[in-house]
Amino acid sequence: MYVPASYMINAYAGFTITEGEEYLSTYMDNMTDSGQPLRRQFCKNCGSSMFNLTPLYDIVSVSAGALDDFESWKPSLEQYCIHRADFLEKTKLVEKRYIESINGELEKE
């Protein structure tokens, strides 16, 4: 997850797939900072990233473009800010910005 602006974080318990689950495929990414596998879900037809699941936290990282109602979503945190491209501004209204994972150090304002 190297472009934080492309993702959001939701509570896993509240995440549901409303349609199209038969079009999902899985890639298990073992090259992670934590060493724990990251389950990457993507579209079988076009290859678009849909969401990522980690066994470490009760969260799911959803690609913003996969949302049906993107306009009603407001971010509450950013992670892996260390990888934010220089030309990207910090996301407005975000309560917490983590340098790397949500277990790590917060970014200084």
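Along each chain, residues carry numbers from 1 onward, in the same order as the chain's sequence is written. A pLDDT threshold of at least 70 governs which residues receive local features in this predicted model, and a stricter bar of 80 or more applies before side-chain atom pairs are shown or counted, although totals over entire chains, interfaces and linings include all residues. The side-chain quantities take in all heavy atoms of the structure and omit both hydrogens and water.

Looking at an unreviewed UniProt entry, the chain carries the name CENP-V/GFA domain-containing protein, with the source organism given as Extremus antarcticus. Taken from UniProt, the Sequence similarities (unreviewed entry) comment for the chain reads in full: "Belongs to the Gfa family." UniProt positions are given in the numbering used here, feature names are shortened, and annotations may be inferred rather than shown by experiment.

Engineer: Mind showing me how you'd approach the overall build of the chain here?
Structural biologist: A run of H or I in DSSP counts as a helix once it spans at least four residues, and a run of E counts as a strand once it spans at least two, with each numbered from the N terminus. If you tally the helices and strands in the chain, you get zero helices and seven strands. Taking all 109 residues of the chain together, the buried fraction comes to 29%. Contacts were defined at the residue level, with two residues in contact if any of their heavy atoms lie within 4.5 Å. Considering only contacts within the chain whose residues lie at least 6 apart along the sequence, 31% involve residues at least 24 apart. Accessible surface computed for the chain: about 7500 Å², of which carbon and sulfur atoms make up 51%. In this scheme, a residue with accessible area under 20% of its type's maximum is buried, one over 50% is exposed, and one in between is partly exposed, where area comes from a 1.4 Å probe on protein chains only. Each accessible area is a Shrake-Rupley estimate made with a 1.4 Å probe; only the visible protein chains count as cover when residues are assessed.

Engineer: Help me understand a negative patch on the surface, please; the structure alone is not making it clear to me.
Structural biologist: Side chains of Glu19, Glu21, Glu22, Asp68, Asp69 and Glu71 sit close together on the surface and give a patch of like negative charge. A residue is classified by how much of its surface remains accessible, and Glu22, at 51% relative accessible area, is exposed. Note that patches include only residues with greater than 30% relative accessible area and no salt bridge, and the join distances are 9 Å for like charges and 5 Å for nonpolar side chains (Val, Leu, Ile, Met, Phe, Trp, Tyr). One speaks of a salt bridge when a side-chain nitrogen belonging to Lys or Arg is within 4 Å of a carboxyl oxygen belonging to Asp or Glu. Residues scored as positive are Lys and Arg, those scored as negative are Asp and Glu, and His as well as the terminal groups of each chain are ignored. All charge positions are set by atom: Lys at NZ, Arg at CZ, Asp at CG, Glu at CD.

Engineer: Can you walk me through the pairing of strand S4 (residues 49-53) in this structure?
Structural biologist: Put simply, side chains in a regular strand alternate between the two faces of the sheet. In this analysis, strands are considered paired if DSSP registers two or more bridges between them. Relative to S4, strand S3 (residues 38-43) runs antiparallel, the two sharing four bridges. Bridging from a neighbouring strand, Arg39 pairs with Leu53 of S4. Hairpin remark: S3 followed by S4, antiparallel, with five residues in the connecting loop; positive phi at Gly47, about 85 degrees. Taken together, the three bridges between S4 and strand S5 (residues 59-63) define a ladder with antiparallel strand orientation.

Engineer: Explain the environment of Ile59 here, please?
Structural biologist: Residue placement: Ile59 occurs in strand S5. Judged by relative accessible area, Ile59 falls into the buried class, the value being 14%. Considered as a pair, Ile59 and Phe15 are 44 residues apart in the sequence and their alpha carbons are 8.7 Å apart.

Engineer: Could you clarify how one ought to interpret the pattern of salt bridges in this entry?
Structural biologist: Any two side chains of opposite charge can pair, on the condition that their charged atoms come close. Inspection of the entire model under this criterion finds one salt bridge. Put simply, Arg40 and Asp29 hold a salt bridge, and the shortest N to O gap is 2.9 Å. One end of the pair, Arg40, is in strand S3; the other, Asp29, is in strand S2 (residues 24-29), and eleven residues separate them in sequence.

Engineer: I'm lost on the side chain of Asp29 in this one. Help?
Structural biologist: Its relative accessible area of 9% is what places Asp29 among the buried residues. For this analysis, a polar contact is any N or O atom pair within 3.5 Å, provided that within protein one partner can donate a hydrogen and the other can accept it, and provided that sequence-adjacent residues contribute only side-chain to side-chain pairs. A polar contact is formed between the side chain of Asp29 and the backbone nitrogen of Met31, at a distance of 2.9 Å. When residues no more than four places from it in sequence are discounted, the contact partners of Asp29 are Gln36, Pro37, Leu38 and Arg40.

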